[in-house]
Structures are given as structure tokens and as C-alpha cells.
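Breakdown of the fold
Take a look at the letters that make up each chain.
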Amino acid sequence: MLIAYTREVSPALADCELTHLEREPLDVAGAIAEHELYESTLERLGARVRRLPSTPHLPDGVFVEDAAVVLDNVAVITRPGAPSRQPETTSVEAALATHRPLVHVRAPATLDGGDVLVAGRTIYIGLSTRTSREAIQQLADQLAPFGYDVIPLAFTGCLHLKSAVTCVADDLMLLNPAWVEADAFPGYRALTTDPAEPHAANALALGGAVIHPLQHVRTRARLEAAGLTVVTVPQVELAKAEAGVTCCSLLVEVR
């Protein structure tokens, strides 16, 4: 069984943290509708959606990916880089404790789950304004006994590493070459985003398909030309909060 943990959109979403985007008017009702369609898409592709407790006082609470990293045999509870987001981990930790042994990122280190790209037994962690070198070293030490290699990775131009690159198939990375080096992932082929769609690299492989934002039409054509089945979701309002399709769920395989 595959569980997708999500959280409903906070009514305070318009007050979210922003790093690389200018703040613009955000339709919270529209974001709620987008998120509900996203959840129904997760279910259609085989996941069982379970909502975490509501956090109306936490504007970024819907972006549950940043609070944890779920691996095959262990889960990491992060310490988000924005102090306003650190309370988000409490309910995520309670949920994941029923499925995996836990390790924690400890202060003063900070790490956002959106900076963590898992590729088999290799874990790439982006050095960002939200994720520190100390956190990367902590994870390298804590995950080595579980057989994972942790590799720090530089990128630029966006909030999180997975804004620049995601794994869309067993041997294929979708990436924006202006933000991350295409040769940074040995053993993987690179599919680049259309230059007109710099934010199109964030995609979620699930159930034999790839979930991808509806607005990135040109990059979707590249994914389909590569033989992938693409399922689109609207993400206009959520994108104003620097969201991607990976950041709104935590996937847990339950055996």
C-alpha cells in the first residue's frame, strides 16, 4: 500500500515564505481547488491519501515534503530553514513514526526536504538558503548504516534542488540545465526543460505516470516524446508560493 500524506491549504497561504519569486496576489480558494485536484490525482494513480492535522496558523503547512524525507527503511525528520516552518514537523513526525524508524536533523543545522533528491541508494542534497552543510553531514553520518551515500550538490536560480531537477523514470532526470549541471547524475540520462519554462523541472513519478503542472505545455511534450505518460494538474496559484508537485505530499510505501 502506498500512502500519500498531505495537508490542507492554510487560509494564510498568501503570507507564505518566498525566496526567488516576487509576492503577487494569491487566490487561496483557487489554491485549495488545485490541491484537491492534486489529491484526487494521487488517489487515481494508486495512492491512499491521508491528511495530516490542519495548521491554519502555518502558511506553508501544505508543503509537507519539506518536513521529512521518507526512505525504504528509515525516515528523516528535517529542521526547515525558515524558522516559521519548523513547527510543521511535529505532526509529520507523529505520522511517520508508525511506519519507519526516525532520525532527526539537529540544531543549528537546517534542511528542507525539497532539497533532497533520492536516486536509488544515492541521495543528492542541494546546498540552498534553506539547507546547510552541517545538515548534509548529519545525514551522511546517520544514513550510512542504512546503505545510503549522501552527496552535496550546488545549484542556482531556484528555491530547492527539486525545483531544478527530479527523477521521472528509473534512469531519467528532468532538469533545467541553467540551474543544475546535467552531468551531476552519473548513470542517469538527462531530459531538459523547454527554455521558455524554467520552472518545469519539478515532476512526480507515480503509478506508472508522471504528474506535471498543467501550464508547462512545452516540457510536457518533451516528456511524452520520451515515452512517458504525463498526468497534468493545475498549479497556478500554488506556484505563486514557490510550490512544485513533489512538495505537496509525502509518499510512504507500507509493507
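Going by the structure above, here's the rest.
No experiment lies behind these values; they were computed from the predicted model shown.

Along the backbone of the protein there are five helices and 15 strands. Expected size for 255 residues packed as a compact globule is a radius of gyration near 18 Å; at 17 Å, the protein falls within 12% of this value. Seen through its C-alpha atoms, the protein measures out along the principal axes to roughly 45 × 40 × 40 Å. Buried positions account for 55% of the 255 residues belonging to the protein. Sequence separation of at least 24 residues holds for 67% of the intrachain contacts in the protein that already meet a minimum separation of 6. For the protein, the computed accessible surface area is about 10500 Å², with 53% contributed by carbon and sulfur atoms. Computing the positive centroid from 20 side-chain charges and the negative centroid from 31, the protein places the two 4 Å apart.

A word on the sheet that holds strand β5 (residues 102-104). In space, the three strands of this open sheet follow the order β3-β4-β5, with mixed pairing throughout. The open sheet has two free edges, formed respectively by β3 (68-70) and β5, since each of these has just one partner strand. If you compare each strand with its neighbour and ignore which way they point, the axes differ by 20° on average. As paired elements, β3 and strand β4 (residues 75-77) share three bridges and run antiparallel to each other. If you follow Ala68 over to β4, its bridge partner there is Ile77. Lying on the sheet, helix α3 (residues 133-143) is in contact with β4 and β5; it crosses β5 at an angle near 150°.

So, about the packing of aromatic side chains. In this structure the tally under the stated criterion is one aromatic pair. Seen from their ring centres, Tyr124 and Phe185 are 4.9 Å apart, and the 80° between their planes marks the pair as edge-to-face. Taken together, the positions of Tyr124 in strand β7 (residues 122-127) and Phe185 in the loop between β10 (172-175) and β11 (189-192) put the pair 61 residues apart, joining distant regions of the chain. The residues Tyr124 and Phe185 share a single accessibility class, namely buried. The ring of Tyr148 has Arg121 lying over it, and the distance from NZ or CZ to the ring centre is 4.0 Å.

Ranked by size, the top nonpolar core spans 27 residues in total, and within it Val9, Leu13, Leu42, Phe63, Ile211 and Leu238 carry the most contacts. Counting only elements with at least two residues in this core, the list comes to β1 (2-6), α1 (28-44), β2 (47-51), β12 (204-206), β13 (209-213) and β14 (230-233). Among all residues touching Leu238, those that are not within four sequence positions of it are Val9, Leu13, Ala31, Glu34, His35, Phe63 and Ala243.

Turning to the side chain of Ser128, a few remarks are in order. By the secondary structure assignment, Ser128 is in the loop between β7 and α3. Assessed through its relative accessible area of 18%, Ser128 is described here as buried. Excluding anything up to four places from it in sequence, Ser128 contacts Asp115, Phe155 and Leu159.

Take unusual backbone geometry next. The peptide bond linking Ala107 to Pro108 adopts the cis configuration, its omega dihedral lying at 5°. In this structure, Pro108 sits in the loop between β5 and β6 (116-119). Non-glycine residue Glu242 carries a positive phi angle of around 65°. In this fold, Glu242 is placed in the loop between β14 and β15 (250-253). The buried category is assigned to Glu242, whose relative accessible area is 14%.

Let's shift gears to the sheet that holds β14. Across the sheet, which stays open at both edges, the three strands sit in the order β12-β13-β14 with mixed pairing between neighbours. A strand with exactly one partner marks an edge of an open sheet, and here the two such strands are β12 and β14. Neighbour to neighbour, the strand axes of the sheet diverge by 30° on average, direction disregarded. Bridge count between β12 and β13: three bridges; the pairing is antiparallel. The partner of Ala205 across the bridge, within β13, is Val210. The strands touched by α1 are β12, β13 and β14; relative to β14, the strand with the most contacts, the crossing angle is about 155°.

Conventions adopted
Residues numbered from 1 in each chain as written. Predicted model: local features only at pLDDT ≥ 70, side-chain atom pairs only at ≥ 80, totals over all residues. Heavy atoms only, no water. Helix = DSSP H or I, 4+ residues; strand = E, 2+ residues; numbered from the N terminus. Rg over C-alpha atoms; globule rule 2.2 N^0.38 Å. Buried < 20%, exposed > 50% of the residue type's maximum accessible area, 1.4 Å probe, protein only. Contact = heavy atoms within 4.5 Å. Areas by Shrake-Rupley, 256 points an atom, 1.4 Å probe, with all protein chains shown as cover. Lys, Arg positive; Asp, Glu negative; His and termini not counted. Charge placed at Lys NZ, Arg CZ, Asp CG, Glu CD. Pairing = 2+ DSSP bridges. Axes fitted to C-alpha atoms, helices over the stretch in contact; angles between N-to-C directions. Phe/Tyr/Trp six-rings, centres within 6.5 Å; stacked < 30°, edge-to-face > 60°. Lys NZ or Arg CZ within 6 Å of the ring centre and 35° of its normal. Core = buried A, V, L, I, M, F, W, Y, C linked by side-chain atoms within 4.5 Å.

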